[in-house]
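# Per-entry structural report
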Amino acid sequence: VNFPADFVEKAVAGKACSYFVDIKGIREKKLPDLDAELLGKLGVESEAVLVQRIRDDMRTMKENAEKRRQHNEIIRFLLERTTLDVPESVVAQETRDVVYDIVRQQSYQGVSREAIEKQKDEIFEVASRNAAEKVRIRYILHRIAEQEKIEVAEDEVGEEIGRMAARYGMPAADFRAELKKKNAVEQVREDIRLNKTLDFLLQHAKIQQQKAGNS
């Protein structure tokens, strides 16, 4: 394997390495029979209902991906047209928060503490690279939210915490308690408000379709 010069593991970056592997076993994924028992476990009464659910989920995923892309276009538009100095202390706190999120996500995915420790410099670099821009766009969107009187209801916070808890495989009450310990519930509320502001801007944006082949 030829590792690129910028590979995250510095010990092998830019080097050619050979692997010797002992195969302990081979596993193969097999689709289960689509019978009444499986349909019952999936909570549907027929194959047609299951197919429709999958189709709806795929459509929702595609719509959400397109919405995220449009949000990113709005963010880029605002950043390119706004000059704003932000406090270094706020940027530093944003960097720490991103580092924490990356470490928590990697831990949830089964990455060992030792492996995370080896990547700490790379994790910090990734976190600090975009921290200033994230703080700038937050200030900009806050100002727009104030101007347009965009607010967040308590039930919206609860629903979002429930979704976050599901992603981390935790009960919603336990996840909310963890957020409270870190004084992070208000951060959830703020993120919802900023996303609602992006939705507001998207709703009022003039969208131009580019022809194929245009950059």
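Okay, so let's go over this structure. The model shown is predicted, which means the values in this text are computed figures rather than measured ones. (Residues numbered from 1 in each chain as written. Predicted model: local features only at pLDDT ≥ 70, side-chain atom pairs only at ≥ 80, totals over all residues. Heavy atoms only, no water.)

### Remarks on the packing of aromatic side chains
Between two aromatic rings, the relevant description is the distance of the centres plus the angle of the planes. Enumeration according to the criterion identifies one aromatic pair in this entry. Geometrically, the ring pair formed by Phe-3 and Phe-7 is tilted, given 4.7 Å between the ring centres and 55° between the ring planes. With a relative accessible area of 28%, Phe-7 lands in the partly exposed category. (Phe/Tyr/Trp six-rings, centres within 6.5 Å; stacked < 30°, edge-to-face > 60°. Buried < 20%, exposed > 50% of the residue type's maximum accessible area, 1.4 Å probe, protein only.)

### Examining a nonpolar patch on the surface
Residues Val-1, Tyr-19, Val-21, Ile-23 and Ile-26 make up a contiguous nonpolar surface patch of about 650 Å² in total accessible area. Among the structural elements, Tyr-19 can be located in the segment before α1 (36-41). Overall, Tyr-19 belongs to the exposed group, its relative accessible area being 59%. (Patch = residues over 30% accessible without salt bridge, like charges linked within 9 Å, V, L, I, M, F, W, Y side chains within 5 Å. Areas by Shrake-Rupley, 256 points an atom, 1.4 Å probe, with all protein chains shown as cover. Salt bridge = Lys/Arg side-chain N within 4 Å of Asp/Glu carboxyl O. Helix = DSSP H or I, 4+ residues; strand = E, 2+ residues; numbered from the N terminus.)

### Regarding helix α3 (residues 88-108)
Since the α-helix advances by 3.6 residues per turn, residues separated by three or four positions end up pointing in the same direction. With 21 residues, α3 should reach 30 Å at 1.5 Å per residue; the first-to-last C-alpha distance of 30 Å fits that figure. Where α3 is concerned, the buried positions are Val-91, Glu-94, Thr-95, Val-98, Arg-104 and Gln-106. For α3, the elements touching its buried residues are α4 (113-118), α5 (120-129), α6 (131-148) and α8 (172-181). Phi turns positive one or two residues past the end of α3, at Gly-110, with a value near 95°. (Expected span 1.5 Å × (residues − 1). Contact = heavy atoms within 4.5 Å.)

### Here we look at the nonpolar core
Within the largest apolar cluster, 12 residues are counted, these being Val-152, Val-157, Ile-161, Met-164, Ala-165, Tyr-168, Phe-175, Leu-179, Ala-184, Val-185, Val-188 and Ile-192. Secondary-structure elements contributing two or more residues to this core are α7 (154-167), α8 and α9 (185-203). A total of four residues in this core trace back to one element, the largest contributor, which is α7. Setting aside residues up to four positions removed in sequence, Val-152 forms contacts with Val-157, Arg-189, Ile-192, Arg-193 and Lys-196. Ranked by size, the runner-up nonpolar core spans 10 residues in total, among them Leu-79, Ile-140, Leu-194 and Leu-201. (Core = buried A, V, L, I, M, F, W, Y, C linked by side-chain atoms within 4.5 Å.)

### What to know about the side chain of Thr-197
Secondary-structure assignment places Thr-197 in helix α9. Here Thr-197 falls in the buried class, since its relative accessible area comes to 0%. From its side chain, Thr-197 meets the backbone oxygen of Arg-193 in a polar contact 2.8 Å long. Sequence-distant contacts of Thr-197, defined by excluding residues within four places in its chain, comprise Leu-141, Ile-144, Ala-145 and Ile-150. (Polar contact = N/O pair within 3.5 Å; in protein donor to acceptor, adjacent residues only side chain to side chain.)

### Concerning unusual backbone geometry
Negative phi characterises most residues that are not glycine, and trans characterises most peptide bonds. Here Lys-149, not a glycine, exhibits a phi torsion of approximately 60°, which is positive. Locating Lys-149 in the fold gives a position in the loop between α6 and α7. By relative accessible area, which is 68% here, Lys-149 ends up exposed. In this structure, Asn-183 is a non-glycine residue whose phi angle is positive, near 55°. Here Asn-183 falls in the exposed class, since its relative accessible area comes to 68%.

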